[in-house]
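Commentary on secondary and tertiary structure
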Amino acid sequence: MSVIQFPKDFVWGAATASYQIEGAWNEDGKGLSIWDVFSHTPGKVVNGDNGDIACDSYHRYEEDIALMKELGIKAYRFSIAWPRIYPQGSGEVNPKGLEYYHRFVDKLIENGIEPYCTLYHWDLPQALQEKGGWNNRETIDAYLQYAETMFKEFQGKIKYWITFNEPWCVSMLSNYIGAHAPGNQDLQLALDVAHHLFVAHGKTVRMFRELGIEGQIGIAPNLYWYEPYSNRKEDVEAARRKRAWYNEWFLDPLFKGSYPQFMVDWYKKKGAEVNIQPGDMEIIKEPIDFLGINYYSGSLARYKENFEDFDCEEIDEGYEKTDIGWNIYPEGLYKTLTWLTETYGPVPIYITENGACYNDGPVDGRVRDQKRIDYLQKHIIQLNRCIQSGVNLKGYITWSFMDNFEWAEGYSKRFGLVHVDYNTLKRTPKDSFYWYRHLVRTNWLDI
Ligand SMILES: OC[C@@H]1[C@@H](O)[C@H](O)[C@@H](O)c2nc(CNc3ccccc3)cn21
């Protein structure tokens, strides 16, 4: 046996998101979100599940925070439901929405837990969607008003802010692939949405600086790693395109102030282009304090002419998979973070999401989720490699604190350290909860 020791100030945390846990979908003045509409649309979500109740954390947050305290985490990443603050997306603020998040954040702080707040984790006010949503540049202004309200309201309480969770999901998954709300399938639309998100991000960072808000601000892209199936030139290029679809397209603008040209050319061949207005790229590359990285998986990529979007097919070379079918590829985390550091410099990084779907349930009151423990351990070992290799890694926030509404998969997929019985809403810490508690308490890993 050997021991891996993490830096003494390394931040251990857990994450959730508003639509996935809160419920209270139409309470206390909250407006509709695009996920309320999407999940209420037949055929969009497995089993017709929706977030009307979810984990009912809107009413049970004190119980959840007590469990976080028991877990011993120093950071809790959560998101604000924009439609609770601005039910119509802009205009009138809903005081009950602000009051709820003040009660919630105060309880976190009272329990010694640092709030890491995501301003946008996909639940766009429906009223804005009806005016074009992220395809309409005016949504940028509504987002800025919302962000300014939150910065001023929570000044001194919330010191870690994330502008957007996973721009790739908001643009490509939701507006090109169409699996998430609002469910469009249009590549040009997806590129426009991504660009508007970037402009909103950059303007928000600039405003954060101009207001002199105490704290740090960043963004949380989801990154994947693809290796070429062989060293044939066409396979190497296929893997490069596949990585860029997820990674460079969402990192180059932030750090270089430009899109990767080979991908701009590729999209042009597909009939789509980036609509950039004068000054946009300068705004987008407004320096951030940290980068949140959401990493789950990766694969091998092989050239296949006219296959899907990038003349590239994923090869299943016998990877073990989780219960959602994603490859377990911990070395991909090391490759992603070392590549990122080599490409963009020693950016301060938090892993803002990493975790596994395993659907184990309670047997005699205990949830034996050894596979989740194995997944977490394999990935956390890679983090130690990253630190030894010079990656400026500040912390690890696992997905997820508790089982929750897994978007288009509904409640059929469980990622939590805490099991939730959706009939009774009973919370049961899993074996992985106690394993993670030991890691958080000791700051070392026995391997
Ligand atoms: O799917 C697990 C989590 C999800 O619950 C989070 O809300 C979201 O931030 C998140 N992002 C990924 C990675 N990207 C992804 C790919 C396909 C579907 C959903 C998410 C995984 N997860």
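Residues numbered from 1 in each chain as written. Predicted model: local features only at pLDDT ≥ 70, side-chain atom pairs only at ≥ 80, totals over all residues. Heavy atoms only, no water.

Here we look at the site of the ligand
With respect to spatial proximity, 17 residues lie near the ligand, and among them Q20, E166, E353, E406 and W407 are the closest. One nitrogen or oxygen atom from the side chain of Q20 is found 2.7 Å from an oxygen atom belonging to the ligand. Residue W399 places a side-chain N or O atom 3.2 Å away from an oxygen atom belonging to the ligand. When the ligand is considered free in solution it has 450 Å² of accessible area, and contact with the protein chains removes 93% of it. Residue assignment for the shell around the ligand shows that the elements contributing at least two residues are α8 (167-177) and β7 (222-228). Per-class residue counts for the shell around the ligand are 9 nonpolar, 5 polar and 3 charged. (Near = heavy atom within 4 Å. Polar contact = N/O pair within 3.5 Å; in protein donor to acceptor, adjacent residues only side chain to side chain. Areas by Shrake-Rupley, 256 points an atom, 1.4 Å probe, with all protein chains shown as cover. Helix = DSSP H or I, 4+ residues; strand = E, 2+ residues; numbered from the N terminus. Nonpolar A, V, L, I, M, F, W, Y, C, P; charged D, E, K, R; others polar.)

Describing the state of the cysteines
Throughout the structure, instances matching the rule amount to 0 disulfides. C357 takes part in no disulfide bond, and the closest cysteine sulfur to it belongs to C55, at a distance of 14 Å. (Disulfide = S-S within 2.5 Å.)

A word on unusual backbone geometry
When glycine is set aside, most residues are seen to have a negative phi, and most peptide bonds are trans. Following A181, the chain continues to P182 via a peptide bond in cis, the omega torsion being 5°. If you trace the backbone, P182 turns up in the loop between α8 and α9 (187-211). The omega torsion across W399 and S400 is 10°, close enough to zero to call that bond cis. Its identity is not glycine, yet D28 carries a phi of approximately 50°, on the positive side. Along the chain, D28 falls in the loop between α1 (18-21) and α2 (34-39). A relative accessible area of 29% means that D28 is categorised as partly exposed. With phi around 45°, E308 is a residue other than glycine that occupies positive phi space. (Buried < 20%, exposed > 50% of the residue type's maximum accessible area, 1.4 Å probe, protein only.)

Points about the packing of helix α3 (residues 57-71) against helix α16 (residues 431-442)
Packing of α3 against α16 brings their axes to within 9 Å, and their N-to-C directions diverge by 55°. In terms of axis orientation, α3 runs oblique to α16. In this structure, α3 contributes L67, E70 and L71 to the contact, and α16 contributes F433, Y434, Y436, R437, V440 and R441. Residues of the contact of α3 with α16, tallied by class, amount to 6 nonpolar, no polar and 3 charged. (Axes fitted to C-alpha atoms, helices over the stretch in contact; angles between N-to-C directions. Parallel < 35°, antiparallel > 145°, perpendicular 65-115°, else oblique. Contact = heavy atoms within 4.5 Å.)

Re the side chain of N327
As for its position among the elements, N327 is in the loop between β9 (312-315) and α14 (330-344). Here K321 takes part through its side chain, which lies 2.4 Å from a polar atom of the side chain of N327. Look past the residues within four positions of N327 in its chain and what remains in contact with it is Y296, S297, G298, S299, Y319, E320 and K321.

Points about the pattern of salt bridges
Two side chains that carry opposite charge are able to pair once their charged atoms sit near each other. Tallied over the entire structure, the rule returns 28 salt bridges. With a closest N to O distance of 3.0 Å, D289 and R209 form a salt bridge. With D289 in the loop between α13 (280-284) and β8 (290-303) and R209 in helix α9, this residue pair connects regions lying 80 residues apart in the sequence. What makes D289 partly exposed here is its relative accessible area of 24%. The class for R209 is partly exposed, based on a relative accessible area of 33%. Taken together, the shared-partner salt bridges connect E62, K107 and E110 into one network. (Salt bridge = Lys/Arg side-chain N within 4 Å of Asp/Glu carboxyl O.)

Some remarks on helix α7 (residues 138-153)
Over its 16 residues, α7 extends 23 Å from the first C-alpha to the last, a length consistent with the 22 Å expected when each residue adds 1.5 Å. Those residues of α7 that fall on the buried side of the exposure criterion are T139, I140, A142, Y143, L144, Y146, A147, T149, M150 and F151. (Expected span 1.5 Å × (residues − 1).)

A look at the packing of aromatic side chains
Under the counting rule described, the total for this entry stands at 60 aromatic pairs. Where F151 meets F208, the ring centres are 5.0 Å apart and the plane angle is 75°; that geometry is what we call edge-to-face. Here F151 is found in helix α7, whereas its partner F208 is found in helix α9, with 57 residues between them in sequence. The pair formed by F151 and F208 is uniform in burial state, with each residue classed as buried. Consider the rings of Y160 and Y350, whose centres lie 6.4 Å apart with planes at 75°: the pair is edge-to-face. (Phe/Tyr/Trp six-rings, centres within 6.5 Å; stacked < 30°, edge-to-face > 60°.)

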